[in-house]
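# Summary of structural features
As a plain string of letters, each chain reads:
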2 protein chains.
Amino acid sequence: MQMENTAAALAIADQSAEAIVRRHIAVGIEIQNLCFVNERYQRSLPVAMSTFTLSGDKEIYGKGEEAVLFFKLVLGMVRTCTFLKNGRRQIDAFYLPGNVFGLEVGAEHNLTAETVCRSRVISYRRRDLEVLATNSERFSAVAFSFAMQSLARAQEHAVLLGCRSAVEKLATFLTDLAAYSPKSEMLSLEMSRRDIADYLGLTIETVSRAFGHLVDKSLIDLSTARQIRLKDPEGLRLLTS
Amino acid sequence: MQMENTAAALAIADQSAEAIVRRHIAVGIEIQNLCFVNERYQRSLPVAMSTFTLSGDKEIYGKGEEAVLFFKLVLGMVRTCTFLKNGRRQIDAFYLPGNVFGLEVGAEHNLTAETVCRSRVISYRRRDLEVLATNSERFSAVAFSFAMQSLARAQEHAVLLGCRSAVEKLATFLTDLAAYSPKSEMLSLEMSRRDIADYLGLTIETVSRAFGHLVDKSLIDLSTARQIRLKDPEGLRLLTS
DNA sequence: CGGCACTTTGAGAGTGTTCAAGGAAGGTGG
DNA sequence: CCACCTTCCTTGAACACTCTCAAAGTGCCG
């Protein structure tokens, strides 16, 4: 992890991502399930924090590592995942700017966190938050709310994995993404087909064919593999079932 | 919901279930992820509570209902699930005696809770817990811990649904159950094949065939469809991967 | 322009689902 | 206590969907 505290680091980030950040930080706690350490709280946070930038596909922490820090994403995208003995990988969630991740209740992280693309992250000391929570009912309520909303998200994911076909899974994934996108018709995917496959419990080939299927039904357009235009968001939502 | 406050109601419950309860309540918060309102805390809980018994397949609350109460299971088994428009059902979790369920952060329940078999349940007022949590850092920490452990459970479930074959899913399900069973070699399943199928994201036929497969490999024995003996727990665990 | 990683496409195999029928278990009434 | 009925579970065969393996196409970067 290369540590950077200069303003130059921020300049590296591309502008569209910046726009997303501004939007999320501004709206703060209301819009982002996973964002509870927002600008307002941050000022009163007595935690020693550092900010750093990572390129893509870099591990932030590994499953089983001691959970001393937790993180907030500023720019880019992060995934949390589990690796199985049979070589498979299950991605649990993708995090967008403003989201908090890596906060645990046990001694260890129970997932691995990696950057999807070049990302900027703030780290916080977990102990500092715990102290804060015991002194402030507001913070403890927010922490509880954070955990419960993460829970709801994980439960939705389980429904997605358990009850849907490949095309339905992809349609659900895209509509979910669109809900967090500034221009909801145009999506630019930061993650690879492999990432999507491992999130949806499919193979990359099946994901690719599902994209093809959506294009054939003219629900979406692909200018490149990662630039998607939602031609018929309502039609997509019908597949969400 | 028929309300019962007499000792007679308890006598209805069969003895083996009673034994499970005694074990779980005694060990309390440590052993049961979802048990935080245990005997020790209960005495100091100023919540107005009622206890009632339901027969099997009865709804305790529905998805979208106002979440005024939450519950603790005393005897029997409860499932939480989601119904999709296409008629499918995804079971999110099974709850054992001692487990707490139905505690929400939003205004509404976001799952449906039903009894799997005849069950005895205690209800609590959510507001009372909230008051307690704001006054006691201990309670708020326990609430947070409860939520985070539920989260870890849901994430495990997502891995189960995303990365495993039918036989692996069933093997994982059985070993998980065995971990909570007093005599871990003998399992008596309270839930139907349909319940298991909807929990594992399979059909009942596939579940049945998976059972057959485990019998063929002499990892388990079925005296009846719901009475299982684990002949080779370690062999099962290898399938857990 | 070439090389590399990612994505798409195709064909065949495998796994789980669907549809259908038979069998076992539990509950009820005679 | 037995017969019947209903519900649940199992088994079989054909089918659909996804996976696997293989190869070709695309875009990106040096």
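Throughout what follows, the structure given in this document is the object of discussion. (Residues numbered from 1 in each chain as written. Chains lettered and ligands numbered in written order. Predicted model: local features only at pLDDT ≥ 70, side-chain atom pairs only at ≥ 80, totals over all residues. Heavy atoms only, no water.)

## Here we look at the packing of aromatic side chains
Residues and elements named next belong to chain A. The test is simple: Pairing of aromatic rings covers Phe, Tyr and Trp, the last through its six-membered ring, and needs centres within 6.5 Å; plane angles under 30 degrees mean stacked, over 60 mean edge-to-face, and all others mean tilted. Runs of H or I in DSSP of at least four residues are treated as helices and runs of E of at least two as strands, each being numbered from the N terminus. When a residue's accessible area, from a 1.4 Å probe over protein chains only, is under 20% of the maximum for its type it is buried; when over 50% it is exposed; and in between it is partly exposed. Only Lys NZ and Arg CZ are tested; either one counts as a charge over a ring when it is within 6 Å of the ring centre and within 35 degrees of the ring normal.
Enumeration over the complete set of coordinates arrives at 18 aromatic pairs over all chains. Between Phe-94 and Tyr-199, the aromatic rings sit 5.3 Å apart at their centres with planes inclined by 45°, giving tilted as the arrangement. Note that Phe-94 is positioned in strand 5 (residues 89-95) and Tyr-199 in helix 7 (residues 193-200), a separation of 105 residues in sequence. For the residue pair Phe-94 and Tyr-199, the accessibility class agrees, reading buried in each case. Taken together through their ring pairs, the aromatic side chains of Phe-52, Tyr-61, Phe-71, Tyr-95 and Phe-101 make up a single cluster. The ring centre of Tyr-95 lies 5.9 Å from the NZ or CZ of Arg-153, which sits over that ring.

## A word on the interface of chain A and chain B
What counts is decided by this rule: Residue contacts are defined here by distance: any two heavy atoms, one from each residue, within 4.5 Å place the two residues in contact. Throughout, buried area stands for the accessible area (probe radius 1.4 Å) lost by two parts on being put together, summed over both. The term salt bridge refers to a pairing of a side-chain nitrogen on Lys or Arg with a carboxyl oxygen on Asp or Glu at a separation within 4 Å.
Contacts between the two partners involve 36 residues from chain A, matched on the other side by 36 residues from chain B. When the two sides are added together, the surface that chain A and chain B hide from each other amounts to roughly 3200 Å², 67% of it contributed by carbon and sulfur. Area buried by chain A at its contact with chain B is led by Val-105, Phe-144 and Cys-163 of chain A, which between them contribute 18% of it. The interface formed by chain A and chain B includes zero salt bridges.

## Concerning the protein's contact with DNA strand D
Spelled out, the test is: What makes a residue near a molecule or strand is one non-hydrogen atom of that residue sitting within 4 Å of it. We call two N or O atoms a polar contact when they sit within 3.5 Å, provided that within protein one can donate a hydrogen and the other can accept it, with sequence-adjacent residues counted only if both atoms are side-chain atoms.
Every one of the 16 residues lining DNA strand D counts as a neighbour, but Ala-166, Glu-205 and Thr-206 of chain A together with Arg-193 and Ser-208 of chain B are closest to it. Each atom of DNA strand D within 4 Å of the protein was classed as base or backbone; sugar and phosphate made up 67%. Thr-203 of chain A places a polar side-chain atom, nitrogen or oxygen, 3.2 Å from a phosphate oxygen of DNA strand D. Contact between DNA strand D and Arg-209 of chain B: a base nitrogen at 3.0 Å from a side-chain N or O atom of the residue. Looking at the surface near DNA strand D, the elements with two or more residues in it are helix 8 (204-216) of chain A together with helix 8 (204-216) of chain B.

## Regarding the relation of the copies chain A and chain B
Worth spelling out the cut-off: Least-squares fitting of one copy onto the other uses the C-alpha atoms of those residues that reach a pLDDT of at least 70 in both copies.
Overlaying chain A on chain B yields an RMSD of 0.0 Å, the required transformation being a rotation through 180° with an accompanying axial translation of 0.0 Å. Here the two chains are linked by the operation of a two-fold rotation axis. A share of 100% of interface residues in chain A that are also interface residues in chain B marks the association as one of identical surfaces.

## Let's talk about the side chain of Ser-119 of chain A
Residue and element names in this part refer to chain A. By the element assignment, Ser-119 lies in strand 8 (residues 119-125). Within the structure, the side chain of Ser-119 is placed 2.7 Å from the backbone oxygen of Cys-117, a separation counted as a polar contact. With sequence-adjacent residues up to four places away left out, Ser-119 is seen in contact with Phe-52, Thr-53, Leu-54, Leu-73, Leu-75, Gly-76 and Met-77.

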